Amino acid sequence: MNAAQIKLVQDSFAKVAPISAQAAVLFYDRLFEVAPGVKAMFPADMTEQRKKLMATLAVVVGGLSNLEAVLPAASALAKRHVSYGAKPEHYPVVGGALLWTLEKGLGDAWTPEVAEAWTAAYRTLSGYMISEAYGSIQAAE
Ligand code: HEM
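Along each chain, numbering runs from 1 in the same order as the chain's sequence is written. Local features in this predicted model are restricted to residues whose pLDDT is 70 or higher, and side-chain atom pairs enter the listing and the counts only when it is 80 or higher, whereas totals over whole chains, interfaces and linings include all residues. Water and hydrogen atoms were dropped before computing side-chain values, which therefore reflect all heavy atoms in the structure.

### As for the packing of aromatic side chains
What counts is decided by this rule: Centre distance within 6.5 Å is the pairing criterion for rings of Phe, Tyr and Trp, where only the six-membered ring of Trp is used; planes under 30 degrees apart are then read as stacked, over 60 as edge-to-face, and the remainder as tilted. Throughout, exposure labels follow a simple rule: accessible area from a 1.4 Å probe, protein chains only, divided by the maximum for the residue type, with under 20% read as buried, over 50% as exposed, and the rest as partly exposed. Each helix is a run of H or I in the DSSP string that is no shorter than four residues. Each strand is a run of E no shorter than two, and both are numbered from the N terminus.
Counting across every chain of the model gives 5 aromatic pairs. Both rings, one in Phe 27 and one in Tyr 28, keep their centres 4.8 Å apart while their planes meet at 75°; by these two values the pair is edge-to-face. Grouping residues by exposure puts Phe 27 and Tyr 28 together as buried. Seen in terms of ring centroids, Tyr 28 and Phe 42 are 5.6 Å apart; in terms of plane orientation they differ by 65°. Their pairing is edge-to-face. Here the residue Tyr 28 occupies a position in helix 2 (residues 20–34), and Phe 42 occupies one in the loop between helix 2 and helix 3 (47–62), the gap between them amounting to 14 residues.

Structural data, given as C-alpha cells:
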C-alpha cells in the first residue's frame, strides 16, 4: 500500500464512522447471506460483536501508516480466531462482505481508486493474520 492509498482508506473510513452502527448491521447481514454456514459461529446477540468489529477496524485503519504498531494486536486477534473456528478460506468471504458494505455506505464516494485501496488494505491485513494463525499466506484475498 502506498501513502495515497492509506489516505484513501482513512478518509473513506472516516465517512462511514458516523453510520458505523448501521454499517456493522449491514456487514453481518451480508456475511450471513453469502456464507450462511458461519452464522452459528457467532453469538446470538450480535450487539457487542458489531461494536468490537468497528472499533478494531478503526484501530487498524488508524494504524495503516505505522503498521508495525498494530501487527502484534492483529496477530493476537488472528490466533483468537482459530478458536472461533475461523479458517483461512473465510477471510476472503469476510473481505468481500466488508468491501460490499463500504460500497453501500459510501455511495458515490466508492470510486475505483477507493475500492483498490481497500482491497490492498484487506489483503495486507488478512494475509498477515492468516500467516500468523495458520503459518501461510494462502487465500489472502
Ligand atoms: C480482518 C478480518 C477480521 C477482523 C478485523 C475481525 C474482528 C473481530 C473482533 C474484533 C472480534 C471480537 C472478539 C475478539 O477480539 O477476539 C471478532 C470475533 C469473531 N470473529 Fe472476527 N474478524 C475478522 C475475520 C473473521 C473471519 C474470517 C471469521 C470467520 C468466519 C471471523 C469470525 C469471528 C467469530 C465467530 C467471532 C465471535 C467469537 C465469539 O464471540 O464467540 N472473523 N472478530
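### Observations concerning the coordination of the iron atom of the ligand
Selection rule: Only nitrogen, oxygen and sulfur atoms count as donors, using a 2.8 Å cut-off from the metal that widens to 3.2 Å for Na, K and Ca. Water is left out, so coordination shells may look unfilled.
Here the protein supplies the iron atom of the ligand with just one donor, His 81 (NE2), and that contact is 2.0 Å long. Looking at the secondary structure, you find His 81 in helix 4 (residues 67–84).

### What to know about the site of the ligand
Test applied: Here a residue is near a molecule or strand as soon as one of its heavy atoms is found within 4 Å of it. N or O atoms within 3.5 Å of each other form a polar contact, as long as, within protein, one can give a hydrogen and the other can take it, and as long as residues adjacent in sequence are counted only when both atoms are side-chain atoms. Basically, the charged four are Asp, Glu, Lys and Arg, the nonpolar ten are Ala, Val, Leu, Ile, Met, Phe, Trp, Tyr, Cys and Pro, and anything else, Gly included, counts as polar.
Around the ligand, the surrounding shell holds 19 residues, and the nearest of these are Gln 49, Thr 56, Arg 80, His 81 and Tyr 84. Side-chain polar atom of Arg 80 to an oxygen atom of the ligand: 2.6 Å apart, as the coordinates give it. Tyr 84 places a polar side-chain atom, nitrogen or oxygen, 2.4 Å from an oxygen atom of the ligand. Looking at the shell around the ligand, the elements that each hand over two or more residues are helix 3, helix 4, helix 5 (90–106) and helix 6 (112–134). Tallied by class, the residues present in the shell around the ligand amount to 13 nonpolar, 4 polar and 2 charged.

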